[in-house]
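# Architecture and fold: a report
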Amino acid sequence: MTLVEWAEVVRAELDLVGTEPLGKTDVDRVLDLARDAAHSVARPAAPLTTYLLGVAVGQGADPESAAAVLSRLALSQGDGAQDA
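Residues numbered from 1 in each chain as written. Predicted model: local features only at pLDDT ≥ 70, side-chain atom pairs only at ≥ 80, totals over all residues. Heavy atoms only, no water.

### Thoughts on the overall build of the protein chain
In terms of regular secondary structure, the protein chain is built from 4 helices and 0 strands. For the protein chain, the α and β elements follow one another from N to C terminus as α-α-α-α. Overall, the protein chain is about 40 × 30 × 20 Å in size when its C-alpha atoms are taken along their principal axes. A buried classification covers 21% of the 84 residues belonging to the protein chain. When the accessible surface of the protein chain is totalled, it reaches about 6000 Å², and 59% of it is carbon and sulfur. (Helix = DSSP H or I, 4+ residues; strand = E, 2+ residues; numbered from the N terminus. Buried < 20%, exposed > 50% of the residue type's maximum accessible area, 1.4 Å probe, protein only. Areas by Shrake-Rupley, 256 points an atom, 1.4 Å probe, with all protein chains shown as cover.)

So this is what it looks like as structure tokens:
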């Protein structure tokens, strides 16, 4: 099963009506953000940051813009990463 297929299974299970299916670009965006947070902040920051991206998008934020802002924020933490 691909991650795009998995996202569709999850979307259906959560009955996210009115939402569009995620494409590869969407999945890659989330994975890139998770990588940036995990490597620049702390590993536990990856799921937390991607969750917060989802909250922002759910409240109307543009996914691409919000992910870019969060990636820049995470990357600005640089080598100061600490485990939370």
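### Details of helix H2 (residues 24-40)
Spanning 17 residues, H2 covers 24 Å between terminal C-alpha atoms, matching the ideal 24 Å at 1.5 Å per step. Inspection of H2 places Val-27, Arg-29, Leu-33, Ala-34, Asp-36, Ala-37 and Ser-40 among the buried residues, and these make up the whole buried set. Tucked inside the fold, the buried residues of H2 contact helix H1 (3-13), helix H3 (45-58) and helix H4 (63-75). (Expected span 1.5 Å × (residues − 1). Contact = heavy atoms within 4.5 Å.)

### Section: a nonpolar patch on the surface
Residues Met-1, Leu-3, Trp-6, Val-9 and Leu-31 make up a contiguous nonpolar surface patch of about 550 Å² in total accessible area. By residue number, the principal contributor to the nonpolar patch is H1, which donates 3 residues. Among the secondary structure elements, Met-1 is positioned in the segment before H1. Residue classification places Met-1 among the exposed positions, given a relative accessible area of 72%. (Patch = residues over 30% accessible without salt bridge, like charges linked within 9 Å, V, L, I, M, F, W, Y side chains within 5 Å. Salt bridge = Lys/Arg side-chain N within 4 Å of Asp/Glu carboxyl O.)

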